[in-house]
Amino acid sequence: MSIVEQLAEAVINGDETATPRLIEEGLAAGIAPGDLLNQGLLKGMTEVGRRFREGEYFVPEVLVAAEAMKAGTAVLKPHLAQAGVRPEATAVIGTVRGDLHDIGKNLVATMLEGAGFEVIDLGVDVPPEKFVEACRQRPVQLVGMSALLTTTMPMMEETIKVLRAEVRPTPVLLVGGAPVTQEYADKIQADGYGRDAATGAELAKKLCRLGRN
Amino acid sequence: MNAQLTSHERVARCLRRRSHDRVPIFDAWWRETEQAYVAAIGDPNLGCGIESFPREPRPDRLTLWEYFDMDLMQVGWPDQRLRLTPPEVLQETDEWVLQRDGNEAVMRWWKHKMGTPEHVAFGIDSPDKWAQVRGLLVPAKERIRWSEFMPRYQRARQDQRFICYCAVEVIESAKDSIGHEQMCRAMIKRPEWVHDVFATYTRFSIEMFRLFEAEAGPCDGAFIYGDIAYKNGPFMSPRHYRAFVFPYHKQFFDEFHRRNMPVIFHSDGDIRLLLPHLIEAGVDVIQPMETRAGMDVRELAPQYGDRLGFFGNIDVTVLARNDRDQIRRELLAKMTAGMRYQGYLYHSDHSIPPGVTLETYRWLIEEVRRIGQYA
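Nothing here was measured: the structure is a model prediction, and the numbers come from that model. (Residues numbered from 1 in each chain as written. Chains lettered and ligands numbered in written order. Predicted model: local features only at pLDDT ≥ 70, side-chain atom pairs only at ≥ 80, totals over all residues.)

1. Thoughts on the overall build of chain A
Moving on, step 1. Assigned secondary structure in chain A consists of 9 helices and 5 strands.
Moving on, step 2. Starting at the N terminus and ending at the C terminus, chain A contains elements arranged as α-α-α-α-β-α-β-α-β-α-β-α-β-α.
Moving on, step 3. A compact globule built from 213 residues should have a C-alpha radius of gyration of about 17 Å, and chain A, at 17 Å, falls within 12% of that.
Moving on, step 4. Over its C-alpha atoms, taken along the principal directions, chain A stretches across nearly 50 × 35 × 25 Å.
Moving on, step 5. The long-range fraction of contacts in chain A, counting pairs at least 24 apart against all pairs at least 6 apart in sequence, stands at 76%. (Helix = DSSP H or I, 4+ residues; strand = E, 2+ residues; numbered from the N terminus. Rg over C-alpha atoms; globule rule 2.2 N^0.38 Å. Contact = placed C-beta atoms within 7 Å.)

2. Focus on the overall build of chain B
Moving on, step 1. The helix and strand inventory of chain B stands at 14 helices and 13 strands.
Moving on, step 2. Projected onto its principal axes, the C-alpha positions of chain B cover 60 × 45 × 40 Å.
Moving on, step 3. Per-residue burial over chain B gives 48% buried out of 375 residues.
Moving on, step 4. Counting only contacts in chain B whose residues sit at least 6 apart along the sequence, the fraction spanning at least 24 positions is 71%. (Buried ≥ 20, exposed ≤ 12 C-beta atoms within 10 Å, placed from the backbone.)

3. Re the sheet that holds strand β3 (residues 96–100) of chain B
Residues and elements named next belong to chain B.
Moving on, step 1. An order of β2-β3-β4-β5 is seen for the 4 strands of this open sheet, with the pairing classed as antiparallel. At either margin of the open sheet sits one strand with a lone partner, and together these are β2 (88–92) and β5 (118–122). On average, each strand axis in the sheet is tilted by 20 degrees relative to the strand beside it, whichever way the strands run.
Moving on, step 2. Direction of pairing for strand β4 (residues 105–110) relative to β5: antiparallel, over a ladder of 4 bridges. Pairing of Met107 across the sheet is with His119, part of β5. (Pairing = 2+ DSSP bridges. Axes fitted to C-alpha atoms, helices over the stretch in contact; angles between N-to-C directions.)

4. Remarks on the domain arrangement of chain B
All names here are of chain B.
Moving on, step 1. Considered domain by domain, chain B is made up of domain 1 (7–80 + 137–371) and domain 2 (82–124).
Moving on, step 2. Taken over C-alpha atoms, the centre of domain 1 sits 24 Å from the centre of domain 2.
Moving on, step 3. Opposite the 14 residues of domain 1 that make contact, domain 2 presents 11 residues.
Moving on, step 4. Counting residues per element, the ones that place at least two in the side of domain 1 that touches domain 2 are α2 (31–41) and α6 (170–177).
Moving on, step 5. Of the residues that constitute the side of domain 1 that touches domain 2, the class distribution is 4 nonpolar, 3 polar and 7 charged. (Domains from an automatic or database assignment. Nonpolar A, V, L, I, M, F, W, Y, C, P; charged D, E, K, R; others polar.)

5. A word on the domain arrangement of chain A
Often, the extent of an interface is quoted as the loss of accessible area on bringing the components together.
Residues and elements named next belong to chain A.
Moving on, step 1. When the domains of chain A are assigned, the result is domain 1 (3–82) and domain 2 (89–207).
Moving on, step 2. One C-alpha centre belongs to domain 1, the other to domain 2, and the line joining them spans 25 Å.
Moving on, step 3. Counting residues at the interface gives 10 residues for domain 1, matched by 10 residues for domain 2.
Moving on, step 4. Of all the elements in the fold, those that place two or more residues in the side of domain 1 that touches domain 2 are α3 (33–53) and α4 (59–82).
Moving on, step 5. The biggest single contributor to the side of domain 1 that touches domain 2 is α3, with 7 residues.
Moving on, step 6. Residues that form the side of domain 1 that touches domain 2 fall into these classes: 7 nonpolar, 2 polar and 1 charged.

6. A few points about the sheet that holds strand β13 (residues 344–345) of chain B
All names here are of chain B.
Moving on, step 1. Taken in spatial order, the 7 strands make up an open sheet running β1-β6-β7-β10-β11-β12-β13, and their pairing is parallel. Either end of the sheet is taken by a strand with one partner, and the two such strands are β1 (72–76) and β13.
Moving on, step 2. Across 2 bridges, the pairing between strand β11 (residues 285–288) and strand β12 (residues 309–311) is parallel. Bridge assignment links Ile286 to a residue of β12, and that residue is Phe310.
Moving on, step 3. Seen against the sheet, helix α8 (residues 191–216) touches β1 and β6 (162–168) and runs at an angle of roughly 150 degrees to β6.

And the structure:
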């Protein structure tokens, strides 16, 4: 098994001690940092996402895989910068105003990073203006909104209206969370709905036309 | 058999899937809903709340359960914080408060409405730290809100309601002290730590139940809370449930079964994958059966109705439309499916949201009583 294959496998197995070691070994062997990222870490996370979507993996397996990916990314990051490798897209994510739930949103942020996005996490109880501000500070290709309550779902609609009015070009707008359905996403004119973190990340890649994995 | 039963008799028979007169009724409301209903009803005897912030038990007042003449009553709810000290307020606005609690967890809570807090940080972030503080989890009388629960217990006995001892199980306990994410990671990376946390909370919970029982008197059933799933399925695989959670659930539930107390298990989310294991652990009834998570009594009753009861599943999104035809259809579809197996109790599939008007709600409860009659 090659080093990049071992790297992907280490992510899949949630081995956070192996990923930094394999990155070092890969760099020493002359493997391009972009290949270690795309063919190793992100490929591993893509497989983790697939297993999660298909019910082979559950939250614990995803969390340890994310830790392994992050441990590897920490070592790789300066080398990526040096090689001029930048994330293909930036995602802004947050739980909408009036809602303090964060676990699902954090899982989506992790999966988006695993899909190759740079993720700006605005946290919870995020008002529409804060989403707009984040989109004005840098080029943003995707905005992800989360809500866990039926009572806070309408704030997604409000946020979408404000983003469509204030941010041009408007990024891809994705919604998700326990009470959200495809029907509701269509009704509030979101560009997409992720029924779970992995599906959301996969859809985000598709809608933002990310193709490096 | 169909002469009118007392609430106690009705629930006791229903939980054991024996014939009874009508579907037992119980419900939960969002804090805002409860406040709005109490205000609209305008009865000065009402207002003994469930949780509120800050807590105002008002033991002299009645609960909405009593006002609507529901069949169950909840007591117990031991305080399982490691330190019973007031939370340290770190930051506060009109809407929320950020505080460090007795578990050394930093959480952001809404001040005027219910809901899960934001988990900002957990002070117990390693097995070593846990080892330093686990000894603080000592069963003690001051962990029960006696001034609230003793009058409730006594009124319920007098009114012949079915008294449920309420507590949380290990996942819910550990969520408050070490956090969901750390707990999930530890299942893979530090399994011995997870076992120690779960075993510690289980011993504590059993001791607290014994203490409550010794002081207040016997309870009729157990209502155990533990969100072990979200809308797409359980947080953990059946393998991890079996390895980490099952032994402690069984130990806890056995304590109730030894007293002939049925166990009602509350979990939001889609728990279908875990149902065979939960039944084996000793769960007698599942609640609240969240529709949006795919829980459906019409699907589950034919599969498990001979060994499991169903409590809830009435879709709050339908109720919130305040459309009587739609609500009636929802009640008929779900209640009829559950009633076929004798083990169905009415509850919404979550908590009644503020959008359900008091007028609708009064009508709903009467409709449940009508539809829920056994011939």
